[in-house]
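# Working through the structure, step by step
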Amino acid sequence: MLLIVSAIALLICMATVVIGGQQLMRRFDYIEQEQALAAADHVQHALTAELNQLTLDAHHFAESDMAHDFVHRRNDYPKNVFRHEAMDTLQVDLVLITDRDGNELYSAYRDDAHRRVETPLKSSLSEVLLRVRNRFTALQVRPEQHLISINDGLLAFDAAEITRSDHSMPTGAVLFLGRYIEADELQRIRDISQSSFDLALGTTPVEVGITDRAMAQWFLNDSKRDNRYAQVINDGEMVIAIALYDVDDRIIGVLQWQSPRSIAALGWNTTVTLLGTIISLLLVAIVIAGVFFIRLQTTALRRYDVQQRYTNIIHSLDESVVIVDRKTLQIKEANAALLRRLGCNEGELRDCALGEVFNNLPLEDVRALRHGVVYESQLLARDGKVIDVEVTLSSVSDQQDDLVCLLGRDVTTRKRAERDAADHRRKLSRLANHDALTGLPNRLFLNAKLPRLLNRLSGTHRMLAVFYVDVDHFKDVNDSRGHPFGDKLLKIFAQRLRTAVGLHDIVARMGGDEFVVVATSLGNTQAVELVAQRMVLAAQAPMIIDDVTLSISASIGAAVYPVHAINTETLLKHADIALYQAKHAGRNGYKIFSADMNLELSEKLALEQALRRAIGTEEMFVEYQPVMDLRTGALRSFEALVRWRHPEMGLIPPARFIPIAEKSGMILALGENVMRAVIKQLQQWRLLGLPLVPVAVNISPLQLQRTDLADLVAQLMNEFSVESRWLSFEITESAVIHDYREVVKTLQKFRDLGSKVLIDDFGTGFATLGHLKNLPIDGIKIDRGFVAEVTKKSSDRVIITGVINMARELKLYTVAEGIETSEQLAKLRELGCDQGQGYYFTSALAKKDAQRMLEQLGGFKDLTDTVKHRVLRRVV
């Protein structure tokens, strides 16, 4: 019976598959026919596009004022426009102009040798064109019918009525343009349509080479005007034809090509493969189903063996399985795993109470049989060993007994792992709350601990002090000695802080060289100062690191609870403010917070915000201080000095806002604005025709750290069309110390651009002669501190003399800053200084006064007081 049902099902499925295959093949045939029609459409569209170009050209030349004038005045317009070269470019082989009555006004065509001939057209061609002129001008003919069969070839043409360019004043005259459809045009249509058709001219199937009966019937049938394409299947090939019509709607030829039936072949192969696969799968499925049914019949015979096997599996499980009576909770059966863990046999365990085996197990829950609940219990072995287990309950009741199955999973290893994980979490918590380098508590620990301490002190009269501690000049140590050396220093410093305070006080590392000390048992403010003094003295003791003896210092700021603040955030903030004041006071000391400090910091923050808003506005402007040649009195250059005029606070000195700009990073934007303003001013002076002198711009160390600074300068110079030689740069000695190699690269780029570089305030920094000799610089500016005492202190004269002699040896020129008296000027000239600037000559000039100086002076020619004052009155 099973085989009969299977055979019937197989036959039905196979019939369905065969019918589906036939439908699939018809679908492939339809797709192939659609593809052939699409190819015919492409050819037709390519032909139409080729003929449409004539339409565009005809309308272009007909809608022309010169063509309009030709109709009325007979000028040389067609001869000039339709020359041989123009006809080649336009791909035009025939030009004909007729008047309103159809009389020929002008004609030209190219003969078989492609020579241009101006002569009346052949009467047969002229008659055809004149006969259809009205139809063409009325746009009654489709573009693909603009064809005439001539001399065994095709001529495509179009016409347009001659009017003015604004379409006014129609003349009734018509311009015809024609083109022979030759091999080049046909190949272009083939390339565009991606079809390899052939052109056959004729008016009968025999003339165009059609031999197929169905296609010949299509050719002779008038319905082909609505169905312009034909396709015939012949010996595995598909023949496609397109009919061509002339202006009288008569057939004059066909475009015909053959296309292989690749889609039909693909469809046949695909259908055969698919049908074979489906039939094979059906056979396999029927075989599998038969086997499955046979196995089901044999399963009932083996049921007893399966049940026995399940029993064996339970005994082989590693989990402890026990079956108890639900009412009495006495053990009825147990598997080998439970017996092995308890160290007894099944006879010893039978009829034992459940509580004797499973400790801490809620027996009432066992009677209630709470499914889905996992109980933690312990197995009590005969040898006293305790085994942690998780117990789940299930019912195994039958018709005779009400039984409960307990499955106990040994979790002793997991419990041990959980205890180990708890210990690990405690260790991780310590790592998270303590600094890895020094072992001290970190910021996270302090933020959690300090609020609890403050809550404990709330309502009492006890005091608590928070100290912010910072290692002085630690960055210089790190940069000069390396980070491993710096890490060892921080370790020693942390130990000294720990020993300098009480056992119950907190010493935490906040990061870098910043530490916070919380002193918890203080009686008064004097005790705060004592703690701070101990930490300062502890930091000053010499250290020996890697056989190097080093002395450091520390700056400390303190804030006291509840005097200065009552919460964590404010205490730390006020201690940080006090630390800032300690650093500002010269470092190596301590400061205790006061309200004045907060006010001063607030003023600085307000000034910083005001500066942030002022950059890029008219509040910031540039003045120009002249630099004079001390020997000839000529104006050598200007130094650009930035100024800030606040709308409320008035003129703010650079010494007040420049440090704020450098510390906040705003010096980058400020420096770029100053540089742009200077270069723009140089452009304006150049456009006015003034004699230019270089203008020096001060570059901060932070600006030098920008690797694209030289590129920015080149971009601005190019933007304002100013030569780089009119811009020079002044850098301080401190800018050279940090990142020396990158600074040298940037300075060399400045010099490659053509700019000069000077060292500003020479003698006040820390640059070594080794640094100086390798720097790509052009001059040195002597600090005003040496110039001020040059006539009084021999030591300053010796220093200036040494700087000047050194500069000469290095082929550098020198500039003295801050010249204020004639005596200073005379002494500097005597010592051989090259250039100078200062109030003796003039203060920094506004841009209009600097421009006037360039216009009227061009430099000091005589340095006598009389001439100088006369010049200054004229310039300033």
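Look a little higher up for the structure.
The model shown is predicted, which means the values in this text are computed figures rather than measured ones.

Each value, and the rule that gives it
In this numbering scheme, every chain counts its residues from 1 along its sequence in written order. Predicted model: local features are reported for residues with pLDDT of at least 70 only, side-chain atom pairs are reported and counted for 80 or more only, and whole-chain, interface and lining totals are derived from all residues. Side-chain numbers here rest on the full set of heavy atoms in the structure, without hydrogens or water. Basic side-chain nitrogens of Lys or Arg form a salt bridge, by our definition, when they fall within 4 Å of a carboxyl oxygen of Asp or Glu. For the exposure calls, accessible area comes from a 1.4 Å probe over protein chains only, and a residue counts as buried if that area is under 20% of its type's maximum, exposed if over 50%, partly exposed in between. What makes a patch is a set of residues exposed beyond 30% relative accessible area and free of salt bridges, joined within 9 Å when like-charged and within 5 Å when nonpolar (Val, Leu, Ile, Met, Phe, Trp, Tyr). For the area figures, the Shrake-Rupley method with a 1.4 Å probe applies, and any residue is considered shielded solely by the protein chains shown. Counting from the N terminus, the helices are the DSSP runs of H or I reaching at least four residues and the strands are the DSSP runs of E reaching at least two. A strand pair is defined by DSSP finding two or more bridges across the two strands. Pairs of N or O atoms are called polar contacts if they sit within 3.5 Å, as long as, within protein, a hydrogen donor faces a hydrogen acceptor (for residues adjacent in sequence, only side-chain-to-side-chain pairs). Contact between two residues is taken to exist if any of their heavy atoms lie within 4.5 Å; hydrogens are not considered. To estimate the expected span of a helix, count its residues, drop one, and scale the result by 1.5 Å. Note: the arc covers the axis-to-C-beta directions of the helix. Residue types Ala, Val, Leu, Ile, Met, Phe, Trp, Tyr and Cys, when buried and joined through side-chain atoms within 4.5 Å, form a set referred to as a nonpolar core.

### Concerning the pattern of salt bridges
Under the criterion given, the structure shown has 20 salt bridges. Taking the shortest distance from any N to any O, the salt bridge between Asp629 and Arg636 comes out at 3.6 Å. For Asp629, a relative accessible area of 7% translates into the label buried. Classification of Arg636 as partly exposed rests on a relative accessible area of 39%.

### Structural notes on a nonpolar patch on the surface
Together, Ile4, Ile8 and Ile12 give the surface a local cluster of nonpolar side chains, amounting to about 290 Å² of exposed area. If you trace the backbone, Ile12 turns up in helix 1 (residues 2-62).

### So, unusual backbone geometry
Omega for the peptide link from Tyr561 to Pro562 comes to 0°, which places this bond in the cis form. On the secondary structure map, Pro562 appears in the loop between strand 22 (554-561) and helix 19 (568-584). Positive phi is not limited to glycine here, since Asn588 has a value of about 55°. Among the structural elements, Asn588 can be located in the loop between helix 19 and strand 23 (589-592). Classification of Asn588 by relative accessible area gives partly exposed; the value is 36%. Despite not being glycine, Ser721 shows a phi value in the positive range, around 55°. With respect to the helices and strands, Ser721 occurs in the loop between helix 24 (709-720) and strand 28 (727-732).

### Some words on the sheet that holds strand 3 (residues 116-117)
Here six strands make up an open sheet; going across it, the order is 3-2-1-6-5-4 and the pairing antiparallel. Edge positions in the open sheet fall to strand 3 and strand 4 (147-150), since each of these has one partner strand only. Inspection of the sheet shows strand 5 (residues 153-161) paired to strand 6 (residues 174-181) by eight bridges, in the antiparallel sense. The partner of Leu155 across the bridge, within strand 6, is Tyr180.

### Quick look at the side chain of Asp435
The topology assignment puts Asp435 in the loop between helix 14 (412-433) and helix 15 (443-457). Asp435 gets classed as buried once you look at its relative accessible area, which sits at 16%. Separated by 3.0 Å, the side chains of Asp435 and Arg509 make a polar contact. Not counting the four nearest positions on each side in its chain, Asp435 is found in contact with Leu440, Pro441, Asn442 and Arg509.

### Side note on the pairing of strand 17 (residues 463-471)
Across the nine residues of strand 17, nine count as buried, placing the element largely inside the fold. Burial of the side chains of strand 17 extends over both faces: Met463, Ala465, Phe467, Val469 and Val471 are buried on one face and Leu464, Val466, Tyr468 and Asp470 on the other. Of the pairings in the sheet, the one linking strand 17 to strand 22 comprises eight bridges and is antiparallel in character. Looking across to strand 22, one finds that Ala465 is bridged to Val560.

### Examining helix 14
Between its first and last C-alpha, helix 14 extends 32 Å over 22 residues, near the 32 Å set by a 1.5 Å rise per residue. Among all positions of helix 14, only Thr412, Lys415 and Asn433 are buried. Within helix 14, the buried residues cover an arc of 105° as seen down the axis, which keeps them to one side. Seen from the buried face of helix 14, the exposed residues on the opposite side, beyond 90 degrees, are Thr413, Lys427 and Leu431.

### Some details on the nonpolar core
Core analysis: the biggest nonpolar cluster contains 82 residues, and Phe638, Val678 and Trp685 have the highest contact counts within it. Broken down by element, this core gets its largest block of residues, eight residues, from helix 22 (residues 667-687). Look past the residues within four positions of Phe638 in its chain and what remains in contact with it is Tyr624, Gln625, Pro626, Trp685, Val693, Pro694, Val695, Ala696, Ala850, Met853 and Leu854. Of all hydrophobic cores here, the second largest spans 42 residues; its members include Ala40, Ala67, Val92 and Phe197.

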